[in-house]
Amino acid sequence: MTIEEAIHDLELYGHWMGSRYIAINFDKSHKEVLEKAIAVLDAAGMLERDPHPKWSQCNVRIINKPVPRVDYTTGL
């Protein structure tokens, strides 16, 4: 699984908690997909856990998300 696929799976199957964190324990039917996505993103250092001890195991946030660069100088 690539980083882009992991981000897609986490955003698609995870449950958004407000605007910051994604709950990874919300939908039990996608548990395996979410665990794989978490493993890939955690190995890449792209996850931040919820700072509250009660929620640190179930809420994550994606950090350092790769953004495609746009070259605005083409066609000049």
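Residues numbered from 1 in each chain as written. Predicted model: local features only at pLDDT ≥ 70, side-chain atom pairs only at ≥ 80, totals over all residues. Heavy atoms only, no water.

Enquirer: Looking at this structure, I do not really get helix H1 (residues 3–13). What am I missing?
Expert: An α-helical turn contains 3.6 residues, so any two residues separated by three or four positions project in the same direction. For H1, the set of buried residues is Ala6, Ile7, Asp9 and Leu10. Seen end-on, H1 carries its buried residues on one side only, within an arc spanning 165°. Buried residues along H1 sit in contact with strand E2 (21–23), helix H2 (31–43), strand E3 (47–49) and strand E4 (59–62). (Buried < 20%, exposed > 50% of the residue type's maximum accessible area, 1.4 Å probe, protein only. Helix = DSSP H or I, 4+ residues; strand = E, 2+ residues; numbered from the N terminus. Arc of directions from axis to C-beta. Contact = heavy atoms within 4.5 Å.)

Enquirer: In this structure, what is going on with the environment of arginine 49? I would like to understand it.
Expert: Structurally, arginine 49 can be placed in strand E3. Residue arginine 49 is classed as partly exposed on the basis of its relative accessible area of 32%. When the C-alpha positions of arginine 49 and glycine 14 are compared, they lie 14 Å apart, and in sequence the two are 35 residues distant. Setting aside residues no more than four positions away along its own chain, arginine 49 makes contact with Tyr21, Ile24, Ile38, Asp42, Ser56, Gln57, Asn59 and Val60.

Enquirer: Would you explain the pattern of salt bridges in this entry?
Expert: Scanning all chains against the criterion turns up one salt bridge. Its salt-bridge partner being glutamate 48, residue arginine 61 comes within 2.3 Å of it at the nearest N-O pair. Residue arginine 61 is located in strand E4, and its partner glutamate 48 is located in strand E3; the two are separated by 13 residues in the primary sequence. Judged by its relative accessible area of 24%, arginine 61 falls in the partly exposed class. (Salt bridge = Lys/Arg side-chain N within 4 Å of Asp/Glu carboxyl O.)

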